[in-house]
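# Chains, contacts and geometry: an overview
Chain by chain, the residues:
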Amino acid sequence: MSLDQSIFDFINQGLANPFFDAILPVYREKTTWIPLYLIMVFLLWRAYGVKRTLWLLALIAVTLALADQLAASLLKPWIGRLRPCAEPSVADHARILVGCGGKYSFPSNHATNHFALATILSLTWLKGKAFGWRLAVFLWAATISVAQVYVGKHYPGDILAGAVLGSSIACSTAWVYFQWLDKDTIID
């Protein structure tokens, strides 16, 4: 058995308990976090005004669009790794707590998108803030990503690849943002 499969089994089955079964399927849903996103936009607007907030939101939108489309439309079909819930040899013993969705898993879009967001926020809005805030956004991204393994949608390798991909894309878009845009648009 591969290391990826062993870690999947440990998270998906070894950590199984009624509390996680109730919480993690909701925790990993993107709509769960809408209130947090709205609070972030409000805090940005209060701290930086409309113009800078809109520039940062545009940067976030471009970053997430690139990350999401690269992972979902290019890499997943090209690599073609089946999700644990779609792989017959795994699905027969895995705990599948949510619908399977698409059949391909590598890289995880949840991990790609959440790590892209955590990285872009860390490089811009949270750049001068306490280390704890930057750590918090990465822990948030990591816990959402691991929840994907717990519910049976992804292998840990999918999560790791998504984290690296999302962070790399965010670093690239942040670099462009800082190089090409007027200093009045930059939050640092």
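The structure under discussion appears in the preceding block.
Here's what I pulled together on the structure shown here. (Residues numbered from 1 in each chain as written. Predicted model: local features only at pLDDT ≥ 70, side-chain atom pairs only at ≥ 80, totals over all residues. Heavy atoms only, no water.)

The subject of this paragraph is the overall build of the chain. Per the secondary structure count, the chain includes 7 helices and 0 strands. Going from the N terminus to the C terminus, the chain shows its helices and strands as α-α-α-α-α-α-α. By the compact-globule yardstick of 16 Å for 188 residues, the chain fits well, its C-alpha radius of gyration being 18 Å. Projected onto its principal axes, the C-alpha coordinates of the chain cover approximately 55 × 35 × 25 Å. (Helix = DSSP H or I, 4+ residues; strand = E, 2+ residues; numbered from the N terminus. Rg over C-alpha atoms; globule rule 2.2 N^0.38 Å.)

This brings us to the side chain of T112. Within the secondary structure layout, T112 lies in helix α5 (residues 109–123). Relative accessible area serves as the criterion here: at 0%, T112 is assigned to the buried category. Engagement of the side chain of T112 in a polar contact is seen with the backbone oxygen of S108, the distance being 2.7 Å. Residues contacting T112, with those up to four places away along its chain left out, are A67, A71, P107, G162, A163, L165 and G166. (Buried < 20%, exposed > 50% of the residue type's maximum accessible area, 1.4 Å probe, protein only. Polar contact = N/O pair within 3.5 Å; in protein donor to acceptor, adjacent residues only side chain to side chain. Contact = heavy atoms within 4.5 Å.)

What follows covers the state of the cysteines. All chains considered together, the criterion is met by 1 disulfide. Each sulfur of the disulfide joining C85 and C100 lies 2.1 Å from the other. With the S-S bond torsion at 80°, the cross-link from C85 to C100 turns out right-handed. You can see C85 sitting in the loop between α3 (34–79) and α4 (88–91) and its partner C100 sitting in the loop between α4 and α5, a full 15 residues away along the chain. (Disulfide = S-S within 2.5 Å.)

Right, let's get into helix α1 (residues 3–14). For α1, the set of buried residues is D4, Q5, F8, D9, I11 and N12. In this structure, the buried residues of α1 make contact with α4, α6 (131–150) and α7 (156–180).

Further remarks concern the layout of surface pockets. Put simply, the largest pocket is a space of about 370 Å³. Around the largest pocket, the lining is made up of 14 residues, and of these Y37, L64, N113, H114 and L117 lie nearest the centre. Grouping the constituent residues of the lining of the largest pocket by class yields 9 nonpolar, 4 polar and 1 charged. There is about 270 Å³ of room inside the second largest pocket. Lining the second largest pocket, in full, are L36, I39, M40, L43, L121, W125, L126, K129, W133, A136, V137 and W140. Sorting the residues of the lining of the second largest pocket by element identifies α3 and α6 as the ones contributing at least two each. (1 Å grid on protein atoms, 1.4 Å probe; cavity = no way out; pocket = protein on both sides within 12 Å on 5 of 7 lines; lining within 4 Å. Points joined across faces, edges and corners; volume = space filled by probe spheres on them. Nonpolar A, V, L, I, M, F, W, Y, C, P; charged D, E, K, R; others polar.)

Mapped onto the elements, T119 comes out in helix α5. Residue classification places T119 among the buried residues on the basis of a relative accessible area of 5%. In terms of polar contacts, T119 uses its side chain to reach the side chain of S167, at 3.0 Å. If sequence neighbours within four positions are ignored, T119 has contacts with F138, S167, A170 and C171.

As a further point, take the nonpolar core. Counting residues in each nonpolar core, the largest one holds 41 residues, and the members touching the most others are F8, L56, I60, L117, I120, L121 and W125. For this core, the leading source of residues is α3, giving 9 residues. Setting aside its immediate chain neighbours within four residues, I120 contacts L59, I60, T63, A170, T173 and A174. (Core = buried A, V, L, I, M, F, W, Y, C linked by side-chain atoms within 4.5 Å.)

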